[in-house]
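Examination of the molecular architecture
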Amino acid sequence: MVYSPTALIAPLFLRSARGEVASANERALLRQIWRNPGISRSEVTMRSELTQQSVHRLLDQLSERGIIGLGEPKPGLGKGQPSPMLSLNGAYAHSIGISVNTDIMGICLMDLAGTVLGQGTVSLHGQPVAEALQQAGEVIAGLRNASSLDPARCFGFGFAIAGYFVGGTRYNASLPLHDWSLIELGPLLSEAFRGPVWVHNGGSTGAVAEALFGVGRHIPHFAYLSFNYGFGGGIVSDGDLLVGGNGNAGEWGPIFKNKVPRPALELLIERLRANGITINSITHLQRQFDPNWPAVADWVDEVAPYYNRLVDSIIGVFDPQAIVFGGQVPPALAEMFIARTDPPEPARYGVPRPAVKLIVSEIKGDASALGAAAVPLKAEFF
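Residues numbered from 1 in each chain as written. Predicted model: local features only at pLDDT ≥ 70, side-chain atom pairs only at ≥ 80, totals over all residues. Heavy atoms only, no water.

1. What to know about the sheet that holds strand E11 (residues 231-237)
- Overall, mixed pairing links the five strands, which are arranged E12-E11-E10-E13-E14 in an open sheet. Across the chains shown, the open sheet's two edge strands, defined by having one partner strand only, are strand E12 (240-242) and strand E14 (357-360). With strand direction ignored, the average angle separating the axes of adjacent strands in the sheet is 30°.
- Relative to E12, E11 runs antiparallel, the two sharing three bridges. Following the sheet pairing, Ile 235 is matched in E12 by Leu 242. (Pairing = 2+ DSSP bridges. Helix = DSSP H or I, 4+ residues; strand = E, 2+ residues; numbered from the N terminus. Axes fitted to C-alpha atoms, helices over the stretch in contact; angles between N-to-C directions.)

Shown next as structure tokens:
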């Protein structure tokens, strides 16, 4: 049987016997409230294709279920019936995001309103999968207790792994994560955490985090570069993650075939060690990075031509408004790559192509875990 997290959603979150959390029309309204905190009921109505009566009825039903709150009238909307401000009720549900990188597991606890309630980590050095999951469960229990959360109000889990999708809930991860590779993660994790689990590539959930909490609040079309042990990413089109026909859109690895230099942090660590700089992990590199270390500039120069091939490919195929530098990249290293990006082609007839912004992600902490926490909520509510 094909694994489906939706089949495991607790009945208390379902709106009907048909087993859905929210109808298509309800999701459209909830999406407006998510994207526009403090929006009024009349503003939602103006942005909707539904009639005023339908909007009011659906919002009243969502309020009765406890999913949204109807607040005080919004000032400054002119004459007429006062229109209450709408908000998502964070206490209605929470979700948990888990991100597995080569050296560390990041954990993020988020409520329905998108508020991060807690974060934690589990070291993965030499740990078997079962032991890592047990420790993750202990961290999650501690985070829940700290926020006085009812486990029954856990809507679900998002799980991100640094590897490419191969089918079902199986991913092909890098060598340090070989124990996590090519196994059905969905059933394994659902049993371990006793709830539905949505499984994604780590670069994709990093892109989701950027779409919801970073540049995506202002830029709907962007490519996300995820610098980790390896190198991947994601594509966000009109605010939504683009997964592609085989689930690997934004997996930039195939552009760096035949062992050409690629911007994977594993390779930078190897170069640093060869030059007398001891770096124990990607996390260590991220926290201690110094752009003046020996060999850093030479390594970036060596990778730059192939990195520029990637940038040209993204611009030519996807035509984004921005390219975001994220994952576990130290901001100073991201700036070095931006400085080595080839200038745009000369303007034709004096008219240049629209500019593509190169932006260093400002999301703090584990973006992949943050995005993973948002995935179940976005999948069923928004």
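2. Details of the pattern of salt bridges
- Inspection of the entire model under this criterion finds eight salt bridges.
- Residue Glu 20 is joined to Arg 15 by a salt bridge in which the shortest nitrogen-to-oxygen separation is 2.8 Å.
- Close ionic contact of Glu 26 with Arg 15 constitutes a salt bridge, the shortest N to O distance being 3.0 Å. Of the two residues, Glu 26 is situated in helix H1 (residues 24-35) and Arg 15 in the segment before H1; the sequence distance between them amounts to 11 residues.
- Connected through salt bridges with shared partners, the residues Arg 15, Glu 20 and Glu 26 form a single ionic network. (Salt bridge = Lys/Arg side-chain N within 4 Å of Asp/Glu carboxyl O.)

3. Some remarks on the packing of helix H4 (residues 129-146) against helix H5 (residues 185-193)
- Where H4 contacts H5, the axes come no closer than 10 Å and their chain directions differ by 45°. Of the possible angle classes, the one that applies to H4 and H5 is oblique. Every pair of crossing elements has a handedness; the one defined by H4 and H5 is right-handed. Listed contacts from H5 to Val 129, Leu 133, Ala 136, Gly 137 and Ile 140 of H4 are Leu 188, Leu 189, Ala 192 and Phe 193. (Parallel < 35°, antiparallel > 145°, perpendicular 65-115°, else oblique. Left-handed = near helix turned anticlockwise from the far one by under 90°. Contact = heavy atoms within 4.5 Å.)

These values are about where atoms sit, not about what they do.
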